[in-house]
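# Close look at the chain arrangement
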Amino acid sequence: MWTLNLARVLQAIGGAAILPASLSLVLPLFPESRRTSAVGLWSAAGPLAAGIAPGLSALLLGTVGWRFLYFVSAPVAVLMFVVAWRLLTELPPPEVKHRLDVTGAAAGTIGLAALVIAIMQGARVWGWTSPVTLVVMAVGAGAFA
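Residues numbered from 1 in each chain as written. Predicted model: local features only at pLDDT ≥ 70, side-chain atom pairs only at ≥ 80, totals over all residues. Heavy atoms only, no water.

### Considerations on the overall build of the protein
Under the convention used in this document: We count a stretch as a helix when DSSP gives it H or I for four or more residues in a row; a strand needs E for two or more, and each element gets its number in order from the N terminus. Residue exposure (1.4 Å probe, protein chains only): buried if accessible area is under 20% of the type maximum, exposed if over 50%, otherwise partly exposed. Contacts are residue-level and defined by heavy atoms, with any inter-residue pair within 4.5 Å sufficient. His residues and chain termini do not enter the charge count, which takes Lys and Arg as positive and Asp and Glu as negative. Note that the charge is assigned to NZ on lysines, CZ on arginines, CG on aspartates and CD on glutamates.
What the protein contains, in helices and strands, is five helices and zero strands. Traced from its N-terminal end to its C-terminal end, the protein shows the element sequence α-α-α-α-α. Split into buried and exposed, the 145 residues of the protein put 8% on the buried side. Considering only contacts in the protein between residues 6 or more positions apart, those separated by 24 or more positions represent 34%. Distance between charge centres in the protein, computed from 8 positive and 4 negative side chains, equals 17 Å.

### Topic: helix 5 (residues 131–144)
For clarity, the threshold we go by: Each residue after the first adds 1.5 Å to the expected span of a helix. Read the arc as the range of directions from the helix axis to the C-beta atoms.
Here helix 5 spans 20 Å end to end across 14 residues, near enough to the 20 Å set by a 1.5 Å rise per residue. Considered for burial, the residues of helix 5 that qualify are Thr133, Val136, Gly140 and Ala143. For helix 5, the angular spread of buried residues about the axis comes to 95°, placing them on one side. For helix 5, the exposed residues lying more than 90 degrees away from the buried face are Pro131 and Val135. On its buried face, helix 5 sits against helix 4 (102–124).

### A short note on the side chain of threonine 133
Mapped onto the elements, threonine 133 comes out in helix 5. Threonine 133 has contacts with Ala118, Gly122, Trp126, Gly127 and Trp128, leaving out every residue within four places of it along the chain.

### Here's the deal with the packing of aromatic side chains
Spelled out, the test is: Any two of the Phe, Tyr and Trp rings considered here, Trp counted by its six-membered ring, make a pair once their centres fall within 6.5 Å; the pair's planes then place it as stacked at under 30 degrees, edge-to-face at over 60, or tilted in between.
Here the structure, examined in full by the defined rule, presents one aromatic pair. Both rings, one in phenylalanine 81 and one in tryptophan 85, keep their centres 5.7 Å apart while their planes meet at 40°; by these two values the pair is tilted. Of the two residues, phenylalanine 81 and tryptophan 85 are both situated in helix 3 (residues 69–87); the distance of four residues between them amounts to about one turn of the helix. Taking the relative accessible area as the measure of exposure, tryptophan 85 reaches 68% and is therefore exposed.

### Regarding helix 1 (residues 2–26)
Given a rise of 1.5 Å per residue, 25 residues ought to cover 36 Å, and the 36 Å separating the end C-alpha atoms of helix 1 matches this to within 8%. With one of 25 residues buried, helix 1 lies mostly on the surface of the structure.

### Examining the environment of alanine 143
Residue placement: alanine 143 occurs in helix 5. In this structure the C-alpha to C-alpha distance between alanine 143 and alanine 38, which are 105 residues apart in sequence, comes to 30 Å. Apart from the residues within four sequence positions on either side, alanine 143 is in contact with Ala107, Ile110 and Gly111.

### Here we look at a nonpolar patch on the surface
Definition in use: Patch definition: residues with relative accessible area over 30% and no salt bridge; like charges joined within 9 Å; nonpolar side chains (Val, Leu, Ile, Met, Phe, Trp, Tyr) joined within 5 Å. Accessibility throughout is a Shrake-Rupley quantity obtained with a 1.4 Å probe, and a residue counts as covered only by protein chains that appear here. Whenever a carboxyl oxygen of Asp or Glu lies within 4 Å of a side-chain nitrogen of Lys or Arg, that contact is scored as a salt bridge.
A cluster of nonpolar side chains, Met1, Leu4, Leu61, Val64, Trp66, Phe68, Tyr70 and Phe71, forms an exposed patch at the surface whose accessible area comes to about 950 Å². Secondary-structure elements contributing two or more residues to the nonpolar patch are helix 2 (35–64) and helix 3. Looking at the element boundaries, tryptophan 66 is found in the loop between helix 2 and helix 3. For tryptophan 66, a relative accessible area of 48% translates into the label partly exposed.

Shown next as structure tokens:
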């Protein structure tokens, strides 16, 4: 059981690392006029897969058993690798180097965390009019500003 749980945690970490990297790979492939469509299709892929996968998994579980589910992802991965190998081309590195806005990233993270905490704790623990909730909301709004 520990091995299965650890493997699932590692799978989640890998998936979390792949998601933002995939968008950074998609954007340079499209001209600016078509990037909105590209991001829309990229954004739709996850929910579409999340909608299809449980039903397909249930169908496979009911017909061929749970062990077969572990053999489904390998051929799909090989197919995607072959398609990507044939269709995708390597891009040269960008000429203009942009520096990471560390202050903006930190402020955005603090703002989002503060607002989420205020919403979660304000609804259940502190109350909406509590000084703690109001201060945390103010910190979040200030960080976003």
